[in-house]
Amino acid sequence: MVSRQRKILSFPAKDGFTVNGMLVTGEFKEEKDLYETPIVLLVHGVMGNFLARGTPRLLPNALEENGISSFSINTRMAFMGQIFGGGIFDDSIMDIEAAVDRLAEEGFRNIVILGWSLGANQSVYYAVNIQHPNLKGLILEGCSYSLPLSNKKRLEKWDSIPSYDHIYEIAKKVLGNDPRTSKNDRVFIVYRAWGPTFNPSDVELHTYKTWWFMRSPEATNAKTYEIISDLSIPVLFIHGENDYAVDPDEPRELKRILNESGNNDVEIKFIPDARHDCMENPGATVPVLIEWLSNIS
Amino acid sequence: MDYMDQELVSIPFGKSKIDGIYYHSTFKEGNRADGNTIVIHVHGFLGNFLDGSQRFLPPILAEGGYSSLAINTRMANFGLFFGYGILNDTIPQIDRVVEYAQELGYKNVILSGYSLGTSIILRYASLRNDPRKTHNINGLITLAAPYSMPDSIRRRWDYWGSEPSYQEVFEEAKDIIKPGLEGTGQDRTILIYKARGNSYCPEHTEIYTYRTWWHLAGPEAKYAMAHKKIQNVKVPILLIQGWHDQVVRHEEAQQLAQLALNAGNKDVSAFYVNAGHTFEDKEEELGDIIVRWLDRRFKD
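Computed from a predicted structure; not experimentally measured. (Residues numbered from 1 in each chain as written. Chains lettered and ligands numbered in written order. Predicted model: local features only at pLDDT ≥ 70, side-chain atom pairs only at ≥ 80, totals over all residues. Heavy atoms only, no water.)

### Brief notes about the nonpolar core
Line of reasoning, step 1. Core analysis: the largest hydrophobic core is formed by 77 residues, its most contacted members being L69, F81, L140 and W213 of chain B.
Line of reasoning, step 2. Discounting residues that sit within four places of it in the chain, L140 of chain B has contacts with I110, L111, I121, L122, A125, V233, V235, P236, I237, L238 and W293 of chain B. (Core = buried A, V, L, I, M, F, W, Y, C linked by side-chain atoms within 4.5 Å. Buried < 20%, exposed > 50% of the residue type's maximum accessible area, 1.4 Å probe, protein only. Contact = heavy atoms within 4.5 Å.)

Dropping the structure here:
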C-alpha cells in the first residue's frame, strides 16, 4: 500500500529560482499505480499561489477524492513577482520545466498541466517550447487569447490611469532598446485597472519589465493565439459560462487555430454557473476533468 | 527528514482560513522530544510561511525536539498593498492560532516573530498578558525587532531621501483616510521610491495603501511601537539581533530588553549574532540559541 501524501517540495529552476510546490497524492495499492495514474501539475493565475482561492486551493482535494494526484507550484509569477521585477513571463517556463522534470524523476509517467488564467498562457508557452515525453496533455482554464490584448481591452474599458498606450510609451523610455538586459526598471501603479474607482481593489501593479514581457504589444510569447498552433498534445479547454475576465469566444478561437494546424484532439467545455474560476461549480467541473483524464495514458 | 512530520494546515477562522505549515517534531534521541511546547512563527514585511526564518527555523527546532507552526497572517504577501493588512486586525488571527495549538495538545505556546512579525507578537503579548485567560502564551522570541516600526521606517526614508517623503505621505494620508472618522474615508495604493536605497529600482521601492501605512508606519501607529508594548509583556522574552543589520540598529534590542526589565519582567534575554537582517548563513546558530533558551524553560 502506498500511503497518502501531502507535502511541500522545494527545488531549483535551471537559473536558480526556487520553486515551491505542494504534492497531494491519495492511497494506491501499489507504487506502479501511483506513477501510472495521471498527475495534474497546477499553475496558478495572476499574483496567485498554490493556496489562492478557487481552483488552486480547491482542486487538489477534489482530484484526490477521485484518485488523481496533483502537484501545485508557485512559479516566479506567484505573489509579488510581477510587482518587484522577478516575474518575467518568458522565464517562468523554467519553473514549469523544473516541476515536470521533478515529477518525471519521481517516476510519474503521465503528467497533465492544468494552467489557470495566466497559468494557462504560461503552460501553452512551455508546451510549445519543451516537449517532455511524460507530458500527455494540457488543461487550459479561463485561457486568454492574448494577455496583451486582454490587458489593453480591460484598461480601456475602465479608462485606466495611465492608459495602456501611455504605459507602453513610458516603458519604452525606461527600458531602452533592450528590455531583456535593461538595468533600468521601476514599479508603477495602474489606477482603475479592474474597476471604476481609485480604491486599492481596482489597482494593478507591475514593473515596466514584467509588464513588457506579459502585457505589452511586444509580449510575443504571451500572445497565445500566435504560438498555440505548435501544440500537438491533447488539449482540454474549460471555461466558466459567466467568465467576465475572458470572453468565451477566446478559447473557441484558440481551439479553431489548433484544429486548423492539425491538432484534432482538442475539446472545449463550458461550465455553467461559473465565472473566471470554474471551481465555483465543482459539481460540473470535476466530472469533466476526471472523464478527460481517464483517457490520458 | 526523520525527526519531523510536515503538514500544510488551513485553520478555520470565521468564514475564512489561516494557512500554515505544521512541523511536528518526532525527535526522540536522549529524551529530546519535549512534546508539550510549540513555537508559532510570524513572518516579516511582505513575507509568508515559505520564506526566511519561517522556513529555515522549524526544521532546526524540530531536531531540538520542538514543534512549530508557521503561519500567514493578513499582513502576509501583499496585504499592505491592497488595504487589508492592518496590524491590529491580526490579533484575532493569532488568538485562533494559539487556540489551534492548544487544541493540538500543546501546553506551552511560544510566539516567534521576525522583523514586522515582532510588532505583531509584541502587540499580541501586551494584550494577552493575563495567565487566567484562554489565550495564554508562555514565551516570546523576537528576531530583528525594531524599537518602533514608525521610527524605523521614517529614519530609513529620511536617510535615502524617499519620494514622496514621510511627512508628505503623512499629510496625504490624513486627507485621504480621515483618521478618527473610520469608514468615511477613502483609501488608495501608493508607491514610495527610494525607500530602501538610493535608486528607483523595484527593490528600493515600498508599497502601501494610506490606511495600511497609517496603522504600521504613521506617527500615530501606536500598536507598531514595540517599546510601548514590551513593557506590558509578562512572559519570558528572548530577543535576537544581528550585529550588521541594515534595517534595525543593533542597540534597539538592548533598549527593548532594558525596557522590559525596568517594567519588572525578570526573564529577558538578548543575544547578538554576527549576521545581517535576514540572519543569512547563521541559521544554525540562530536555531541553537533558541533551542537552548527553550530547553532551560520548557524541557520536561
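### Section: the packing of aromatic side chains
Line of reasoning, step 1. Enumeration according to the criterion identifies 22 aromatic pairs over all chains in this entry.
Line of reasoning, step 2. Relative to Y166 of chain B, the ring of W157 of chain B has its centre 5.9 Å away and its plane inclined at 70°; by these criteria the two rings are edge-to-face.
Line of reasoning, step 3. On the basis of relative accessible area, W157 of chain B is assigned to the buried category, the value being 0%.
Line of reasoning, step 4. With centroids separated by 4.7 Å and ring planes inclined at 90°, the aromatic side chains of Y159 of chain B and W160 of chain B adopt a geometry described as edge-to-face.
Line of reasoning, step 5. Look at W160 of chain B and you get partly exposed, because its relative accessible area is 30%.
Line of reasoning, step 6. These aromatic residues form a ring-pair network of at least three members: F45, W157, Y166, Y208 and W213 of chain B.
Line of reasoning, step 7. Between the NZ or CZ atom of R154 of chain A and the centre of the ring of W194 of chain A, over which it lies, the distance is 3.5 Å. (Phe/Tyr/Trp six-rings, centres within 6.5 Å; stacked < 30°, edge-to-face > 60°. Lys NZ or Arg CZ within 6 Å of the ring centre and 35° of its normal.)

### Digging into the pairing of strand β9 (residues 237-242) of chain B
All names here are of chain B.
Line of reasoning, step 1. With respect to burial, β9 is a largely interior element, six of its six residues being buried.
Line of reasoning, step 2. Of the two faces of β9, the one carrying I237, L239 and Q241 and the one carrying L238, I240 and G242 are both buried.
Line of reasoning, step 3. In terms of strand pairing, β9 meets strand β10 (residues 268-273) through six bridges, oriented parallel. Paired with L238 across the bridge in β10 is S269.
Line of reasoning, step 4. In the classification by handedness, the crossover that spans β9, the intervening helix α9 (residues 251-262) and the parallel β10 is right-handed. (Helix = DSSP H or I, 4+ residues; strand = E, 2+ residues; numbered from the N terminus. Pairing = 2+ DSSP bridges. Right-handed = clockwise from strand over helix to strand, strands pointing away.)

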